[in-house]
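Structural overview
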Amino acid sequence: MIAVPRFKKRYAFFFVFALYVIVCQSCMKMRMSSAKTKAYFETGKVSFLDKTILLDGHQLHYIQTGDPNKPTLFFVHGSPGSWDAFKIYLNDSLLRTKFRLIAVDRPGFGYSDFGSPENLATQSKWMNQLVKLLNNKKPIALIGHSLGGPLILKMAIDEPQLYSHLIILSGSVDPKAENPELWRPILKSKPLRYLIPGALRPSNDELWWLKTDLVDMQPNLDKVVAEVIIIHGTKDRLVPYSNVAFMQKELVNSKKVETISITDADHFIPWTHYEIIRNRFLQLKL
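Residues numbered from 1 in each chain as written. Predicted model: local features only at pLDDT ≥ 70, side-chain atom pairs only at ≥ 80, totals over all residues. Heavy atoms only, no water.

Before going further, it helps to spend a moment on the layout of surface pockets. In this structure, the largest pocket encloses a volume near 520 Å³. Lining of the largest pocket is provided by 25 residues; of these, Ser-79, Ser-146, Leu-207, Leu-238 and His-267 occupy positions nearest its centre. (1 Å grid on protein atoms, 1.4 Å probe; cavity = no way out; pocket = protein on both sides within 12 Å on 5 of 7 lines; lining within 4 Å. Points joined across faces, edges and corners; volume = space filled by probe spheres on them.)

As structure tokens, this is what we get:
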């Protein structure tokens, strides 16, 4: 009599566990579907492009709004995330009038080879290829939030003449400020990695690699010649404010380094301090 309920419980456990694994593969992808993207922009009657390009056998997905003949603001999201982290900027009428606006899904996220992350060097290679392919011969400003910050620096190191401005929002650039959690490599291994839902899996991978990537990048930061604008919250608990001083020290050949410190702000300034950041974009002389 006792074995029967135990038997049922065992099968119930395996059923729930299998269901969880299946759900992990399909949920929390943190990306906006084509249908939702269309509905979002059509609400404000905003013209947009929703495209996926194949480069060296890899998918790179991006959304474009604004004037295709104007200088470009090229947005790069953090980890995890996708292009829609910047949807409010792509929907802004003032920005759309003055710029071409492009927001990309970084490799491993959104609709860009979802689930297959790459280190900064590989991401930079593919992203620069995309920028060159979309180049309209007008100035280009890169905008990167969080992990997108070091990525746009790497892009500018690899192609220093391609970009006029870099705008680093809460950027994690200083390798000494990165203290990757020791549990991350455990979750990178099979089969445990399949227990991490959606976009958190590639995020875990690249956050574990980040410190090494930053150490490798630091000696080359003097190759950045573009103007750099650093915007950082003074109470950022995820990416320490000390990153600001590090960038000010290392970007010795940048034409200009400007710092905007947002008092008491945390890591999420692209959304909590949207107007401050948007207004600085509008002041750009590209």
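Attention shifts here to the packing of helix 6 (residues 148-158) against helix 8 (residues 200-217). Look at helix 6 against helix 8: their axes get within 11 Å of each other, and the N-to-C directions meet at 35 degrees. In this structure, helix 6 meets helix 8 at a crossing whose hand is left-handed. Seen from helix 6, the contacting residues are Pro-150, Leu-153, Lys-154 and Ile-157; seen from helix 8, they are Leu-210, Leu-214 and Met-217. Partitioned by chemical class, the residues of the contact of helix 6 with helix 8 number six nonpolar, no polar and one charged. (Axes fitted to C-alpha atoms, helices over the stretch in contact; angles between N-to-C directions. Helix = DSSP H or I, 4+ residues; strand = E, 2+ residues; numbered from the N terminus. Left-handed = near helix turned anticlockwise from the far one by under 90°. Contact = heavy atoms within 4.5 Å. Nonpolar A, V, L, I, M, F, W, Y, C, P; charged D, E, K, R; others polar.)

This next bit is on the environment of Phe-41. Note on placement: Phe-41 falls in helix 2 (residues 34-43). In sequence terms Phe-41 and Thr-65 are 24 residues apart; their C-alpha atoms lie 9.4 Å from each other. Other than its neighbours up to four places away in sequence, Phe-41 contacts Val-46, Phe-48, Ile-63, Thr-65, Trp-83, Leu-90 and Asn-91.

For the rest of this paragraph, the subject is the pairing of strand 5 (residues 140-145). Burial runs high along strand 5: six of the six residues are buried. Side chains of strand 5 alternate between two faces, with Ile-140, Leu-142 and Gly-144 and Ala-141, Ile-143 and His-145 buried alike. Pairing analysis gives five bridges linking strand 3 (residues 72-76) to strand 5, with the strands arranged parallel. Looking at strand 5, one finds that Phe-75 is bridged to Ile-143. In the sheet, strand 5 pairs with strand 6 (residues 165-169) via five bridges, with the strands oriented parallel. When the bridges of strand 6 are listed, Leu-142 appears paired with Leu-166. Of the crossover connections in this fold, the one passing from strand 5 over helix 6 to the parallel strand 6 is right-handed. (Buried < 20%, exposed > 50% of the residue type's maximum accessible area, 1.4 Å probe, protein only. Pairing = 2+ DSSP bridges. Right-handed = clockwise from strand over helix to strand, strands pointing away.)

Looking now at helix 8. Under the 1.5 Å per step criterion, the end-to-end length of helix 8 is 24 Å for 18 residues, consistent within 8% with the ideal 26 Å. For helix 8, the principal kink sits at Leu-210 and spans about 40 degrees. The complete set of buried residues in helix 8 reads Arg-201, Pro-202, Ser-203, Asn-204, Asp-205, Glu-206, Leu-210, Asp-213, Leu-214 and Met-217. (Expected span 1.5 Å × (residues − 1). Bend = angle between axes of the 7 residues up to and from the residue.)

Looking now at empty space enclosed by the protein. A complete count under the given rule lists one cavity of 30 Å³ or more for this structure. In this structure, the largest cavity occupies an estimated 40 Å³ of space. Around the largest cavity, the lining residues are Thr-72, Phe-74, Arg-100, Ile-102, Val-131, Leu-134, Asn-135 and Ile-140. Contributing elements (two or more residues each) for the lining of the largest cavity: strand 3, strand 4 (100-104) and helix 5 (120-134).

Counted by the stated rule, this structure contains seven salt bridges. Here Asp-92 makes a salt bridge to Arg-278, at a shortest N to O gap of 2.7 Å. A residue pair is termed long-range when its members are at least 10 positions apart, and Asp-92 in the loop between helix 3 (87-90) and helix 4 (93-98) and Arg-278 in helix 11 (residues 274-282) qualify at 186 residues. Per residue, the accessibility class of Asp-92 equals that of Arg-278, and both read buried. A salt bridge links Asp-264 to Lys-235; the nearest nitrogen and oxygen atoms lie 3.4 Å apart. One end of the pair, Asp-264, is in the loop between strand 8 (257-262) and helix 10 (269-272); the other, Lys-235, is in the loop between strand 7 (227-233) and helix 9 (242-250), and 29 residues separate them in sequence. (Salt bridge = Lys/Arg side-chain N within 4 Å of Asp/Glu carboxyl O.)

What follows deals with the packing of helix 5 against helix 6. With their axes 9 Å apart at the nearest point, helix 5 and helix 6 run at an angle of 65 degrees to one another. Relative to helix 6, the element helix 5 is oriented roughly perpendicular. Note that helix 5 runs across helix 6; the crossing there is right-handed. Where helix 5 approaches helix 6, its residues Leu-120, Ala-121, Gln-123, Ser-124, Met-127, Asn-128 and Val-131 are matched on the opposing element by Pro-150, Leu-151, Lys-154, Met-155 and Asp-158. Tallied by class, residues from the contact of helix 5 with helix 6 come to seven nonpolar, three polar and two charged. (Parallel < 35°, antiparallel > 145°, perpendicular 65-115°, else oblique.)

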